[in-house]
Amino acid sequence: MEKYRELYKVRVIKIIQLFLVISNVFLFTRHFDTLLVILPLLICLILESIIPEGYGWGLAAKKNVYFKSISPAKENIIFMILVIILSALVGFFALY
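Since we're looking at a predicted model, the values are computed, not measured. (Residues numbered from 1 in each chain as written. Predicted model: local features only at pLDDT ≥ 70, side-chain atom pairs only at ≥ 80, totals over all residues. Heavy atoms only, no water.)

J.: What is the right way to look at the nonpolar core in this model?
T.: Generally speaking, nonpolar side chains in soluble globular proteins are found buried as a group. Among the nonpolar cores identified, the biggest contains nine residues, and these are Leu 7, Val 10, Ile 13, Leu 20, Cys 44, Leu 47, Ile 51, Tyr 55 and Val 65. Breaking this core down by element, the ones donating at least two residues are helix H1 (2-29) and helix H2 (34-50). It is H1 that provides the largest number of residues to this core, a total of four residues. When near neighbours in sequence (up to four residues on either side) are disregarded, Ile 51 contacts Val 10, Ile 13, Lys 14, Gln 17 and Gly 56. (Core = buried A, V, L, I, M, F, W, Y, C linked by side-chain atoms within 4.5 Å. Buried < 20%, exposed > 50% of the residue type's maximum accessible area, 1.4 Å probe, protein only. Helix = DSSP H or I, 4+ residues; strand = E, 2+ residues; numbered from the N terminus. Contact = heavy atoms within 4.5 Å.)

Here is the structure:
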């Protein structure tokens, strides 16, 4: 049960981080103040320190968060591509 709670916490934190990165792109494209643009990234950094070791972003991850059938590195690559695509879409539509 403890492992399930830890995994649930990691999933929620990663979804919050995804929202913060996309909101950062929106704030940047709408030319908000620099401090306001940097704030979501600072919150992301603080949330990353809460995540247990092994569940981090990038190729150094040792454990899966969402998919069990693929390696942790491939899972993080999929999510990085998703972040890039969503950020590009938000940035494109925020300009209009």
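J.: Just to check I follow, could you spell out the environment of Leu 27 for this structure?
T.: On the secondary structure map, Leu 27 appears in helix H1. Separated by 49 residues in the primary sequence, Leu 27 and Asn 76 have C-alpha atoms spaced 25 Å apart. Setting aside chain neighbours within four positions, we find Leu 27 in contact with Phe 32, Leu 36, Val 37 and Pro 40.

J.: Explanation requested: the packing of H1 against helix H3 (residues 72-94) in the structure shown.
T.: Each pair of packed helices gets described by two things: the angle between the helix axes and the distance between those axes. Running from amino to carboxyl end, H1 crosses H3 at an angle of 30°, the nearest separation of the two axes being 9 Å. With respect to H3, the element H1 is oriented roughly parallel. Here H1 runs over H3; the crossing is right-handed. Across the interface between the two elements, Lys 14, Leu 18, Val 21, Ile 22, Val 25, Phe 26 and Thr 29 of H1 pack against Asn 76, Val 83, Leu 86, Ser 87, Val 90, Gly 91 and Ala 94 of H3. Of the residues belonging to the contact of H1 with H3, the class tally is nine nonpolar, four polar and one charged. (Axes fitted to C-alpha atoms, helices over the stretch in contact; angles between N-to-C directions. Parallel < 35°, antiparallel > 145°, perpendicular 65-115°, else oblique. Left-handed = near helix turned anticlockwise from the far one by under 90°. Nonpolar A, V, L, I, M, F, W, Y, C, P; charged D, E, K, R; others polar.)

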